[in-house]
Amino acid sequence: QLIAAGDSLTGSDTGHVNQFLTNASPSVLSFVYSINGGTLSQVAPYFLDNIPSAKVVGSKYIFSIMMTNADYSDSNAYLALLQSVCDQMKAKGALVAVGTLPPRNSTSNPTFPAFRAVVNPIIRSWVGTHCDAIYDFAADPTVGTDAAGNNATYYPDGTHPTAAVQSTYFEPIYRAAINSL
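Not measured: the values here are computed from a predicted model.

Trainee: Would you mind going over the overall build of the chain with me for this structure?
Mentor: Helix and strand content of the chain: seven helices and five strands. Listing the helices and strands of the chain from first to last along the sequence gives β-α-α-β-α-α-β-α-β-α-β-α. Put simply, the chain has 181 residues, and 50% of those count as buried. Across the chain, the fraction of contacts at a sequence separation of at least 24, relative to all contacts at a separation of at least 6, is 74%. For the chain, the exposed surface amounts to about 7,700 Å²; the carbon and sulfur share of it is 54%.

Trainee: Just checking my understanding: could you explain the packing of helix α5 (residues 75-91) against helix α6 (residues 112-124) for this structure?
Mentor: Axis angle and axis distance: for two packed helices, these are the angle between their axes and the distance between the axes, and together they describe the pair. The geometry of α5 relative to α6 is characterised by a closest axis approach of 10 Å and an angle of 30° between their N-to-C directions. The angle between α5 and α6 places the two elements in the roughly parallel class. Between α5 and α6 lies a crossing of right-handed hand. Facing α5, whose interface residues are S75, Y78, L79 and L82, α6 presents F115, V118, V119, I122 and I123. For the contact of α5 with α6, the residue count by class is eight nonpolar, one polar and no charged.

Trainee: What should I look at first to understand the pattern of salt bridges in this one?
Mentor: Pairing between side chains of opposite charge can happen when their charged atoms approach one another. Counting across every chain of the model gives four salt bridges. Taking the shortest distance from any N to any O, the salt bridge between D132 and K90 comes out at 2.9 Å. A residue pair is termed long-range when its members are at least 10 positions apart, and D132 in the loop between α6 and β5 (133-135) and K90 in helix α5 qualify at 42 residues. Given the relative accessible area of 27%, K90 is considered partly exposed. A salt bridge links D146 to R116, with the shortest nitrogen-to-oxygen separation between them at 2.9 Å. Here the residue D146 occupies a position in the loop between β5 and α7 (163-179), and R116 occupies one in helix α6, the gap between them amounting to 30 residues. Judged by relative accessible area, R116 falls into the buried class, the value being 7%.

Trainee: Would you explain α5 in this entry?
Mentor: Quick reminder: α-helices carry 3.6 residues per turn. Residues three or four places apart thus point the same way. Here α5 contains 17 residues, and its C-alpha end-to-end distance of 24 Å stays within 8% of the 24 Å for a straight helix at 1.5 Å per residue. Three or more residues of α5 are buried, namely S75, Y78, L79, L82, V85, C86 and M89. Taken down its axis, α5 places every buried residue within 125° of arc, on the same side. Of the exposed residues in α5, those oriented more than 90 degrees away from the buried face are N76 and A91. On its buried face, α5 is in contact with α3 (40-50), β3 (62-66), β4 (95-99) and α6. At the exit of α5 stands G93, carrying a positive phi of roughly 95°.

Each value, and the rule that gives it
Residues numbered from 1 in each chain as written. Predicted model: local features only at pLDDT ≥ 70, side-chain atom pairs only at ≥ 80, totals over all residues. Heavy atoms only, no water. Helix = DSSP H or I, 4+ residues; strand = E, 2+ residues; numbered from the N terminus. Buried < 20%, exposed > 50% of the residue type's maximum accessible area, 1.4 Å probe, protein only. Contact = heavy atoms within 4.5 Å. Areas by Shrake-Rupley, 256 points an atom, 1.4 Å probe, with all protein chains shown as cover. Axes fitted to C-alpha atoms, helices over the stretch in contact; angles between N-to-C directions. Parallel < 35°, antiparallel > 145°, perpendicular 65-115°, else oblique. Left-handed = near helix turned anticlockwise from the far one by under 90°. Nonpolar A, V, L, I, M, F, W, Y, C, P; charged D, E, K, R; others polar. Salt bridge = Lys/Arg side-chain N within 4 Å of Asp/Glu carboxyl O. Expected span 1.5 Å × (residues − 1). Arc of directions from axis to C-beta.

Right, dumping it as structure tokens:
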């Protein structure tokens, strides 16, 4: 079972999670919990209160999370809450996969590149402690760089990747992480 949590990048119809589920073989029982525009502090209580433990589910249980909306001035608070969510899901028996933050347009989100520069390396260091796998969108040399966030070919609105980026870049990265579990 796969439970994917996040914001609009996770829950969109053309997003990496839905493309993964469409192409999954064998099919995967899944639930996608996403809130468009939701921040981690807004949605974390929902995830933690409503997602059952693996003992209830009775099968392999994967929880993936990527939240790109945050107070970009406080990376410590974001990381502390994300770490807490991951640790609590692991305590429920889930295998946990965390997504690094893809870029955003730096003109409309001027503090986001610095936020990402702090957050992503720390998330990468969590494998084996707070999570079991990373889907590292930020490491992709084409669509994961800060400059890519300013490229309308990849991110037409400066935040959301195109369906082509989701299928060509994000879905294979996500698939590799989930399949490693």
